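# An overview of the molecular structure
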Protein chains: 2
Amino acid sequence: MVTLRGMAAADPTSVADNRPLDRIELGDAVASRLRTLILGGEFAPGSRLVETELASRFGTSRGPVRDGLAELERTGLVRSVNRRGSFVIELTAADVDEVYSLRTALELLAVTRAIPVATTATIDRLSEAVNAMDVSLAVNDAPAVGAADMAFHRAIVEAAQHRRLLQSWEGLADQTELMMQELSSVRPELQSNHGHHSELIAAFAARDVDRAVAVLADHLDVSRTTMVEHFSS
Amino acid sequence: MVTLRGMAAADPTSVADNRPLDRIELGDAVASRLRTLILGGEFAPGSRLVETELASRFGTSRGPVRDGLAELERTGLVRSVNRRGSFVIELTAADVDEVYSLRTALELLAVTRAIPVATTATIDRLSEAVNAMDVSLAVNDAPAVGAADMAFHRAIVEAAQHRRLLQSWEGLADQTELMMQELSSVRPELQSNHGHHSELIAAFAARDVDRAVAVLADHLDVSRTTMVEHFSS
DNA sequence: GAGAATTTGTTCGTATGTATC
DNA sequence: TGATACATACGAACAAATTCT
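Residues numbered from 1 in each chain as written. Chains lettered and ligands numbered in written order. Predicted model: local features only at pLDDT ≥ 70, side-chain atom pairs only at ≥ 80, totals over all residues. Heavy atoms only, no water.

### Focus: the interface of chain B and chain A
We apply this condition: Any two residues whose heavy atoms approach within 4.5 Å are treated as being in contact. The quantity reported as buried area is the accessible area (1.4 Å probe) lost by two parts once they are put together, taken as the sum for both. Put simply, a salt bridge is a Lys or Arg side-chain nitrogen that is within 4 Å of an Asp or Glu carboxyl oxygen.
On the side of chain A, 35 residues touch chain B, which itself brings 35 residues to the contact. The junction of chain B with chain A conceals about 2,900 Å² of combined surface from both sides, 45% of it contributed by carbon and sulfur atoms. The largest per-residue losses of area from chain B upon contact with chain A belong to B:Arg79, B:Glu98 and B:Arg164, which jointly make up 23% of the total buried on that side. The interface formed by chain B and chain A holds 9 salt bridges in total. Note that B:Asp67 and A:Arg66 form a salt bridge whose closest N and O atoms lie 3.2 Å from each other.

Next up, the structure:
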């Protein structure tokens, strides 16, 4: 029977985001906590993620754990094989190349679409992200620097107001952050390209798409080179 | 009632999707068959997808149905809201714009990376897809034309040998095919740009990246314009 | 607005497939 | 290679939330 309930529902993404933690579905909570554990190094790359073990650790049953693992598989942090289980991804130089080439394509599209619709609020958000990065740099908190760096890039992508673009980009964000953690734990001095970030904000303020594209492409290329080098050795 | 498991066991060779159902998990089977139903118009855009109804239709429990719905949510064909259920997406002109702008960015990256590593096998696969499209055009099988068109573009993306690029692109393929079905059911004469496809193959054969990028960008822009126009009215 | 019905989220038991000794 | 242990895939029932009458 056709009911009236099929009508357009509210935007699910806006519902899921800022909500008290105990109201979130367990599957999302599992994904969130497991993500933190992986990015924090608790589960090293290649580790097996056993459903029953995670279920008892998080105090739920295996159902929500399956949901959470599926979500993290979507973001690329976890890889699942039929009947064999789930594992934390292991990153090679080829993976770094894939992530950065794709991020470049996506973020260049993002600035192109973002600048024409940017407001002062957009600029403010970018500046805040840079400030947060400076603060974390000052206290030598490498994980926080990486997170702030990604927040900066996320702000650019969000400014494009392009749902599918953001979704694709999010499929690379966690993997990028994992790379950053791995790099900064060995070579903490290689973090940040503060100059690039400021230049990019200036290009946004001037609504100069060409310059923003050039700066961002250069910025990502520098990062990519550093990363590829690290993961090749 | 024909169950997925039962059907696979009874007659593994001739299933509706010509895929070996007995070797894949039920969740994937549900996703595959539900995708065909949606793209075939059985479930119209906006339709509610009730887990219990799908479970009885496919002869499984709700577990695999949930897995299948999650998979189709990943490809963008289905949208789920916490505690409210899953729905077939509804496409607006804004969605068309998003899909095509993102597809353009992804497929331009694809040709750029594919041409340097292309072999004669790559060219063959592209030609086969064009031939399949011609055959379907000759017999006025609109859904098959759309499927063959997407197979052509998929061949380009696969040729880039870039896992994450393919994954991102697949998040748009089903949505594009849904658009094509909706368009061709109303304006069947608007399908195909055969000239563009041949030109693109020529550019591949000549290893001319610049020309391939130009042709593909033009091709996608023409398609986008047609689509946006249709979905605006 | 309250209660009933429907539907989703969750839990747990069972069976099958995988890995190991 | 064969048997055993273990983890995942699936099914069925319970509980909570949303929608409809």
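### Focus: the confidence of the model for chain A
In regions of low pLDDT, the predicted coordinates are not meant to be interpreted in detail. Residues and elements named next belong to chain A. The condition is simple: Residue-level confidence of the predictor is summarised by pLDDT, bounded by 0 at the bottom and 100 at the top. Strands here mean DSSP runs of E at least two residues long; helices mean DSSP runs of H or I at least four residues long; both are numbered from the N terminus.
Confidence along chain A averages 87 in pLDDT terms, with 88% of residues attaining 70 or more. In the model of chain A, helix α1 (residues 12-16) stands out as the element of lowest mean pLDDT, 31, in contrast to helix α5 (residues 93-114), which has the highest, 98. Contacts of residues 1-23 to residues separated by more than four positions or lying in other chains number 15 contacts, the stretch itself having pLDDT below 50.

### Quick notes on the nonpolar core
So the rule is basically this: In this description, a nonpolar core means a group of buried Ala, Val, Leu, Ile, Met, Phe, Trp, Tyr and Cys residues linked to one another through side-chain atoms lying within 4.5 Å. Relative accessible area decides the class of each residue, using a 1.4 Å probe on protein chains only: under 20% of the type maximum gives buried, over 50% gives exposed, and in between gives partly exposed.
Ranked by size, the top nonpolar core spans 120 residues in total, and within it A:Leu34, A:Ile38, A:Phe204, B:Leu34, B:Ile38, B:Leu49 and B:Phe204 carry the most contacts. With 11 residues, the top contributor of residues to this core is helix α5 (residues 93-117) of chain B. Contacts of B:Ile38, omitting those with residues within four sequence positions, involve B:Phe43, B:Leu49, B:Leu72, B:Leu77, B:Val78, B:Val88 and B:Leu178.

### Description of the domain arrangement of chain A
Residue and element names in this part refer to chain A. In plain terms, the rule: What fixes the domain bounds is an automatic or database domain assignment. Whenever a nitrogen or oxygen atom comes within 3.5 Å of another N or O atom, the pair is scored as a polar contact, on the condition that within protein one atom can donate a hydrogen and the other can accept it, and that pairs from neighbouring residues in sequence are kept only if both atoms are in side chains. For this scheme, ten residues count as nonpolar: Ala, Val, Leu, Ile, Met, Phe, Trp, Tyr, Cys and Pro. Four count as charged, namely Asp, Glu, Lys and Arg, and the remainder, Gly too, count as polar.
For chain A, the assigned domains are domain 1 (12-88) and domain 2 (93-232). Relative to domain 2, the C-alpha centre of domain 1 lies at a distance of 25 Å. With 8 residues of domain 1 at the contact, the number on the domain 2 side is 9 residues. Across the domain 1 to domain 2 interface the summed buried area is about 750 Å²; carbon plus sulfur atoms make up 56%. A per-residue breakdown of the area domain 1 buries against domain 2 is headed by Leu-39, Arg-74 and Thr-75, which together make up 58% of the total. Run the count over domain 1 and domain 2 and you get 1 salt bridge. A salt bridge links Asp-174 to Arg-35; the shortest N-O distance between them is 2.8 Å. At the junction of domain 1 with domain 2, the criterion picks out 3 residue pairs in polar contact (both at pLDDT 80 or more). At 3 residues, helix α2 (residues 26-39) tops the list of elements feeding residues into the side of domain 1 that touches domain 2. Considered class by class, the residues forming the side of domain 1 that touches domain 2 number 4 nonpolar, 2 polar and 2 charged.

### Structural notes on the protein's contact with DNA strand C
This is how it is decided: By convention in this text, a residue qualifies as near a molecule or strand provided that one of its non-hydrogen atoms is within 4 Å of it.
Close to DNA strand C lie 19 residues; A:Ser61, A:Arg62, A:Arg84, B:Arg62 and B:Arg66 are nearest. Close to the protein, within 4 Å, the atoms of DNA strand C belong to sugar or phosphate groups at a rate of 67%. Measuring from a phosphate oxygen of DNA strand C, one finds a side-chain N or O atom of A:Arg84 at 2.5 Å. Per-element accounting of the surface near DNA strand C gives the leading share, 3 residues, to helix α4 (residues 62-74) of chain A.

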